[in-house]
Amino acid sequence: MSAALPPFPQPQENVGPPELLQLGTGTDADEPCLRADAARNRARLLEAAERLVAEHGAGALTMEAVAAAACVGKGTVFRRFGDRTGLLAALLDHSERKFQAALLSGPPPLGPGAPPVERLRAFGCALLRRSIDELDLLLAGEPSAERRHTFPPRRFLRHHVALLLREAVPDADSELLSHTLMAYLDAALIHHLTQQCGLPAERVRAGWLDLVARVTRTDGPVPAAGTPVPAADTPTPVAGTSVPVADGPAPVADTPAGAP
């Protein structure tokens, strides 16, 4: 599924100080001549597609289902997006643009105006929430392995993290650390942790906050009163071994009967 999605165009190289990369893939803003009714139809179709994915998963996203949900003819959907792959690409782009807008001009701490560590915390929490809400869609649009780190939307997000790290930890290798932080937010890993391992979203979120605190050498946010703290996993004893007991006397071996 992922290999069938069309590539996004490469952004222009920046000149001067590093800036956030922006995505451009043919939305209404890129089509100034788009008629008002066509723009309205496009927005209705994308909103209907978002509802279908949220309620039934990306597997239920068909051209016919979107047309029915948006109360338009099936031909309108095909004319606007070409096929299901085009619809998926447009839906991913729509979601990515909304997230980018929040980073570039939304309210703090996700948007500008907050200290870099606070923005890092907010960025990861927002991306985790988005990944959980749109997990099927993000997995369906997952780029192939050779494009994973050059895919423009992902490169935009990693570059944003690198800029915040450069401010928060000037002496660190922000480029390499940004890859480390982004790996924690990978959609495939979120799927594994929440769907296959059954971890609650709150524990994954707490893990992100802990990771940011360790990387930036800062204290993590104080948990709210009553917030449960995940218990450490208890190791399972293996036959012939014993589990060490912390802060206690060493176990005394049993003495065979009749021994001196």
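What counts, and at which threshold
- Residues numbered from 1 in each chain as written.
- Predicted model: local features only at pLDDT ≥ 70, side-chain atom pairs only at ≥ 80, totals over all residues.
- Heavy atoms only, no water.
- Helix = DSSP H or I, 4+ residues; strand = E, 2+ residues; numbered from the N terminus.
- Buried < 20%, exposed > 50% of the residue type's maximum accessible area, 1.4 Å probe, protein only.
- Contact = heavy atoms within 4.5 Å.
- Areas by Shrake-Rupley, 256 points an atom, 1.4 Å probe, with all protein chains shown as cover.
- Salt bridge = Lys/Arg side-chain N within 4 Å of Asp/Glu carboxyl O.
- Axes fitted to C-alpha atoms, helices over the stretch in contact; angles between N-to-C directions.
- Parallel < 35°, antiparallel > 145°, perpendicular 65-115°, else oblique.
- Left-handed = near helix turned anticlockwise from the far one by under 90°.
- Nonpolar A, V, L, I, M, F, W, Y, C, P; charged D, E, K, R; others polar.

**Q** Please explain the overall build of the chain as it appears in this structure.
**A** Each helix and strand in the chain was counted, giving ten helices and zero strands. Moving toward the C terminus, one meets the helices and strands of the chain in the order α-α-α-α-α-α-α-α-α-α. In the chain, which comprises 260 residues, the proportion classed as buried is 37%. Considering only contacts in the chain between residues 6 or more positions apart, those separated by 24 or more positions represent 66%. Accessible area of the chain: about 15,100 Å², with a carbon and sulfur share of 58%.

**Q** Even after reading the chapter, I still don't get the side chain of Ser 178, so can you show me in this structure?
**A** Relative to the helices and strands, Ser 178 resides in helix α8 (residues 174-184). Given the relative accessible area of 0%, Ser 178 is considered buried. In this structure, Ser 178 is in contact with Arg 158, Val 161, Ala 162 and Leu 165, ignoring residues within four places of it in sequence.

**Q** Would you mind showing me how to read the pattern of salt bridges here?
**A** Applying the stated rule across the entire model yields 13 salt bridges. Arg 166 serves as the salt-bridge partner of Glu 175, at 3.1 Å between the closest nitrogen and oxygen. Several salt bridges share partner residues, and in doing so they unite Glu 142, Arg 148, Arg 154 and Asp 186 into one network.

**Q** Looking at this model, I keep getting lost on the packing of helix α4 (residues 84-105) against helix α7 (residues 152-168). Mind explaining?
**A** Working note: a packed helix pair is described by the angle between its axes plus the distance between those axes. Direction vectors running N to C along α4 and α7 enclose 20 degrees, while the axes themselves pass 11 Å from each other. Relative to α7, the element α4 is oriented roughly parallel. Remark: the crossing between α4 and α7 carries left-handed chirality. Each of Glu 96, Phe 99, Gln 100, Leu 103 and Leu 104 in α4 lies in contact with α7, whose residues at this interface are Pro 153, Phe 156, Leu 157 and His 160. Looking at the contact of α4 with α7 residue by residue, the classes come out as six nonpolar, two polar and one charged.

**Q** Could you clarify how one ought to interpret the packing of helix α5 (residues 116-133) against helix α10 (residues 201-216) in this entry?
**A** The N-to-C vectors of α5 and α10 enclose an angle of 150 degrees; their axes lie 10 Å apart at closest approach. Of the possible angle classes, the one that applies to α5 and α10 is roughly antiparallel. When you trace α5 past α10, the crossing you get is right-handed. Residues Val 117, Leu 120, Arg 121, Phe 123, Gly 124, Cys 125, Leu 128 and Ile 132 of α5 lie in contact with α10, whose contacting residues are Ala 201, Val 204, Arg 205, Trp 208, Leu 209, Val 212 and Thr 216. Residue classes in the contact of α5 with α10 are distributed as eleven nonpolar, two polar and two charged.

Scope: geometric values only; no functional claims are made or implied.
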